[in-house]
Amino acid sequence: KKGNSGGFVMEYANLTFPEALKKLASKYNIPVEDRSVTAKEEQDYKKREAMFIANDFLANEYAKLLTLPEHKAAKDYAYRRWGEKYCKQIGIGFCPWKARIVDESFISEEVANELHLRNKGGYDLFNGRITIPIRDRHQRIIGFTSRVIDGSEPKYMNSSDSLIYKKSYSIFGIDIAWREARRTEKMYLVEGAPDCMRLQSIGIYNSVATLGTAWTEGNFETIRKAVSSVCFIPDADPPHPGERFGAGIKGVMKAGEAAMKFGFAVSVKMIPVGSEKQDPDTYCTTQIIFNSLEEKDFVIWVADLLFEENMTTEEKGKVVNQIAALLVHIKDDTTLEMYMSSLVKYGQTKRIWLKA
């Protein structure tokens, strides 16, 4: 590879150009002129740093506890599901029942409360659960997601919003996905952390997931800094009676349009829909299975789903308008012309598509 120290630090540490320069300047004691910070900004900065330290400490403690003989059931579950290598790579741990690690640590009461580290009983929030760190793209731990191993509910539980973690802005797996995405120029977008973990554990490292919310503008702003292409993998859940599509497909139809508005080249890999729900976690158990899923351009994928045989002229017109609403987000004339040539196969002339 070519480049200078700034470019190296940008890629190696997943930083923007200004962040890389500040990191280098700090390392070599080079003064960097910046605007002065207010007392509140300085206080928030110190609080944020204390939160990162607290999360890092807990992640290390929980990772150690996972390996103890008395927690063999948790370790066996994690290693069987995601593989030992991946569990160690992302720092999966275990918080025992009635653990008071937070109370026994250096973590201040203020930081513990800000991060919501205890449950109502005063024990560690994730007691009795496998803990999975949530990191930002700079690899700092901003929170945790967790899973029970005894079948109780809720099956998964995430950290509450705090000064360093916002559910609607955070992206699970972005720390691992960032570098691979820059290399491949694409990210795979899935619905939940378990789906992302499955894909990353089988070597699809440029996979990311939301944390219990729909894809937001904040998510897309972050992803846009790394790639210009995204591929959605929707859950394949059977539709409810009277509906054509399941929730996973409907969600990706909406998210794909939002991604197109943001300027992404959008595609879809679709898991076959059967009588039982399937998702990337349950279906993509090997790279071979993942690679066998056909990747379609998002617009063509939507058209394939919406156009049916024996549709009335009025129904076809509605679908044409729905597809045309996606095409308006394409600014490149050559790309638009290619779409027009592909869309005539649905029985509408190029003139109709252009008019729409």
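Preceding block: the structure.
Residues numbered from 1 in each chain as written. Predicted model: local features only at pLDDT ≥ 70, side-chain atom pairs only at ≥ 80, totals over all residues. Heavy atoms only, no water.

**Student:** What am I meant to see in the overall build of the protein chain here?
**Tutor:** Within the protein chain, the regular secondary structure consists of 16 helices and nine strands. With respect to the principal axes defined by its C-alpha atoms, the protein chain has extents near 70 × 55 × 40 Å. In the protein chain, which comprises 356 residues, the proportion classed as buried is 46%. Within the protein chain, contacts between residues at least 6 apart in sequence are counted, and of these 67% link residues at least 24 apart. For the protein chain, the accessible area works out to roughly 19,100 Å², and carbon and sulfur atoms hold 52% of it. Computing the positive centroid from 50 side-chain charges and the negative centroid from 48, the protein chain places the two 2 Å apart. (Helix = DSSP H or I, 4+ residues; strand = E, 2+ residues; numbered from the N terminus. Buried < 20%, exposed > 50% of the residue type's maximum accessible area, 1.4 Å probe, protein only. Contact = heavy atoms within 4.5 Å. Areas by Shrake-Rupley, 256 points an atom, 1.4 Å probe, with all protein chains shown as cover. Lys, Arg positive; Asp, Glu negative; His and termini not counted. Charge placed at Lys NZ, Arg CZ, Asp CG, Glu CD.)

**Student:** How should I be thinking about the sheet that holds strand 7 (residues 229-232) in this particular structure?
**Tutor:** Strand pairs in the sheet, formed through backbone hydrogen bonds, run parallel or antiparallel to each other. Here we have five strands laid out as an open sheet, ordered 6-5-7-8-9, and mixed in their pairing. Among the strands making up the open sheet, the edge pair consists of strand 6 (207-209) and strand 9 (295-297). Ignoring strand direction, the axes of neighbouring strands in this sheet form an average angle of 35 degrees. On the sheet, helix 8 (residues 193-201) packs against strand 5 (187-190) and strand 6 and is oriented at approximately 170 degrees with respect to strand 6. (Pairing = 2+ DSSP bridges. Axes fitted to C-alpha atoms, helices over the stretch in contact; angles between N-to-C directions.)

**Student:** What is the right way to read helix 1 (residues 5-12) from this model?
**Tutor:** Residues spaced three or four apart along an α-helix face the same direction, because each turn holds 3.6 residues. Regarding helix 1, its N-cap is Asn4, as a side-chain oxygen of that residue lies 3.2 Å from the backbone nitrogen of Gly6 further along. Remark: Asn14 follows helix 1 within two positions and exhibits a positive phi of approximately 55 degrees. (Polar contact = N/O pair within 3.5 Å; in protein donor to acceptor, adjacent residues only side chain to side chain.)

**Student:** Just checking my understanding: could you explain the pairing of strand 8 (residues 265-269) for this structure?
**Tutor:** Consecutive residues of a regular strand have side chains that alternate between opposite faces of the sheet. Of all five residues in strand 8, four are buried, a share of seventy percent or more. Where strand 7 meets strand 8, four bridges bridge the pair, whose relative direction is parallel. What sits directly across from Cys231, in strand 8, is Ser267. At this point the chain moves from strand 7, through helix 10 (residues 247-261), to the parallel strand 8, and the crossover so formed is right-handed. (Right-handed = clockwise from strand over helix to strand, strands pointing away.)

**Student:** Can you walk me through the environment of Lys331 in this structure?
**Tutor:** Mapped onto the secondary structure, Lys331 falls in the loop between helix 14 (313-327) and helix 15 (333-343). As a C-alpha pair, Lys331 and Gly263 span 68 residues in sequence and 8.9 Å in three-dimensional space. Within the structure, the side chain of Lys331 is placed 3.4 Å from the backbone oxygen of Val328, a separation counted as a polar contact.

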